[in-house]
Amino acid sequence: MGTRLTMPTPGDYLLRRDVCSYGYFLLAPNHWDPRTETLTRSLDLSGGIAAVRIGQPGRGKALVIEGDRRLSRGEQAEVKRLVTRMLHLNDVSVGAFHKVDGRWKKSGRGRLFRSPTFFEDLIKTVASCNVTWPSTIVMNRRLCEVISPAFPSAQQLARRREATLRARCRVGYRDKRMVELGKLVAGGEVEPAWFEDRGNSDEAVYKALLALPGIGPYAAANVMQLLGRYSRVAIDTESVRHGKAVLGMTGTAKQIEKQVVAHFEPFGEHRFRSYWFELWDFYEKKHGPAWTWERDSTGKMFTAASLTKE
DNA sequence: GGTAGACCTGGACGC
DNA sequence: GCGTCCAGGTCTACC
């Protein structure tokens, strides 16, 4: 018999909207079920791995979390802490975002889904660089199948041979970078708490991210938003497509990138959210609300190349 | 400071 | 079934 717990949410919180707000909800070990509107995944807890299923009976209602085994009091607290990070439950800046960009007030969009840990977000971002989305899906699935069903921890990756990651997890040349990131975090040279600390400036965090292996300008800006720092737009080929197709920009890719950055300047500290929800809106207009996407069909094709072909 | 080329994988396409 | 091309950011070497 597993443990069942409840967690209060902010009054505006809507699980299906706020989980299905960023592509990581389609990546292992996360599994969103469109029929039951629940999120299931394994978590690495002090007493071992446990799978949890998270549901919500209605907008603003408490979350109902069911574990697949009995959880100690300490583990229940861990689950709540990890779920709070994943679902961004403690984000108090949604109202401020809606004041700056009123387009999303009605739908209530503002929170972006992320991982239970900074390290998982880091590796997921590296696994999304220079690769098409279906390969990112495979890398995440294989990392969970081969190393840990709750997603590899820094310690686990630090111990792995690069060749294993390449051959069995299909991460390609990212093997070395992932093991290095594991070693840096496991060895304490990179402290997740420092990156999470709101006392450190966006500029300092961005610079520190750029110094990490496998993290360039796009990845650093993306990890920034996953940290709840939305002052930078993460520019990639998708930004160029958006600039051309939706914002009517013209010129070379480099020129469009600059125009996109300039376009979102007025949104100040909320630039990324304004940019991202425009993109997300574009996907949803083509494929319906993200909470209805099936992981193995729509969920495999929702980015740039596949969309522009349609 | 800017840029060319290498780095891998998987899918699309032509034969 | 096989070979070729292409998409996708980061890193290094070089100018």
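Since we're looking at a predicted model, the values are computed, not measured.

## Structural notes on the side chain of S231
Inspection of the secondary structure assignment puts S231 in the loop between helix 11 (217-226) and helix 12 (237-245). Judged by relative accessible area, which is 11%, S231 ranks as buried. For S231, the side chain forms a polar contact with the side chain of D202, separated by 2.7 Å. Residues contacting S231, with those up to four places away along its chain left out, are D202, M224, G268, E269 and R271.

## Some details on the packing of aromatic side chains
Throughout the structure, instances matching the rule amount to 15 aromatic pairs. Centre to centre, the rings of Y22 and Y24 are 4.8 Å apart; their planes meet at 65°, and the pair counts as edge-to-face. You can call Y22 buried: its relative accessible area is 5%. For the ring pair Y22 and W276, a centre distance of 4.8 Å and an interplane angle of 55° mean the geometry is tilted.

## A closer look at the domain arrangement of chain A
Taken as a whole, chain A is organised into domain 1 (4-104), domain 2 (118-226) and domain 3 (237-291). The straight-line distance from the C-alpha centre of domain 1 to that of domain 3 is 27 Å. Facing the 19 residues of domain 1 at the interface are 12 residues of domain 3. A combined buried area of about 1,400 Å² lies between domain 1 and domain 3, and 65% of that area is made up of carbon and sulfur atoms. Of all residues in domain 1, F97, V100 and W104 give up the largest surface area on contact with domain 3, accounting jointly for 35% of the area buried on that side. Summed over the shared surface of domain 1 and domain 3, the number is 2 salt bridges. The partner of R103 in a salt bridge is E278, with the nearest N and O atoms 2.7 Å apart. In this assembly, domain 1 and domain 3 are joined by 7 residue pairs in polar contact (both at pLDDT 80 or more). Elements supplying a minimum of two residues to the side of domain 1 that touches domain 3: helix 1 (15-19) and helix 3 (94-100). Among the elements that line the side of domain 1 that touches domain 3, the one with the most residues is helix 3, at 4 residues.

## Some words on the packing of helix 5 (residues 133-146) against helix 7 (residues 162-169)
Direction vectors running N to C along helix 5 and helix 7 enclose 120°, while the axes themselves pass 9 Å from each other. Of the two possible hands of crossing, helix 5 and helix 7 adopt the one that is right-handed. Residues M139, R142, L143 and V146 of helix 5 pack against L165, R168 and C169 of helix 7. Looking at the contact of helix 5 with helix 7, its residues break down into 5 nonpolar, no polar and 2 charged.

## What about the environment of S72?
Tracing the chain through its elements places S72 in the loop between strand 5 (63-67) and helix 2 (73-87). Between the C-alpha atoms of S72 and Q259, which are 187 residues apart in sequence, the distance is 52 Å.

Calculation notes
- Residues numbered from 1 in each chain as written.
- Chains lettered and ligands numbered in written order.
- Predicted model: local features only at pLDDT ≥ 70, side-chain atom pairs only at ≥ 80, totals over all residues.
- Heavy atoms only, no water.
- Helix = DSSP H or I, 4+ residues; strand = E, 2+ residues; numbered from the N terminus.
- Buried < 20%, exposed > 50% of the residue type's maximum accessible area, 1.4 Å probe, protein only.
- Polar contact = N/O pair within 3.5 Å; in protein donor to acceptor, adjacent residues only side chain to side chain.
- Contact = heavy atoms within 4.5 Å.
- Phe/Tyr/Trp six-rings, centres within 6.5 Å; stacked < 30°, edge-to-face > 60°.
- Domains from an automatic or database assignment.
- Buried area = accessible area lost by both parts, 1.4 Å probe.
- Salt bridge = Lys/Arg side-chain N within 4 Å of Asp/Glu carboxyl O.
- Axes fitted to C-alpha atoms, helices over the stretch in contact; angles between N-to-C directions.
- Left-handed = near helix turned anticlockwise from the far one by under 90°.
- Nonpolar A, V, L, I, M, F, W, Y, C, P; charged D, E, K, R; others polar.

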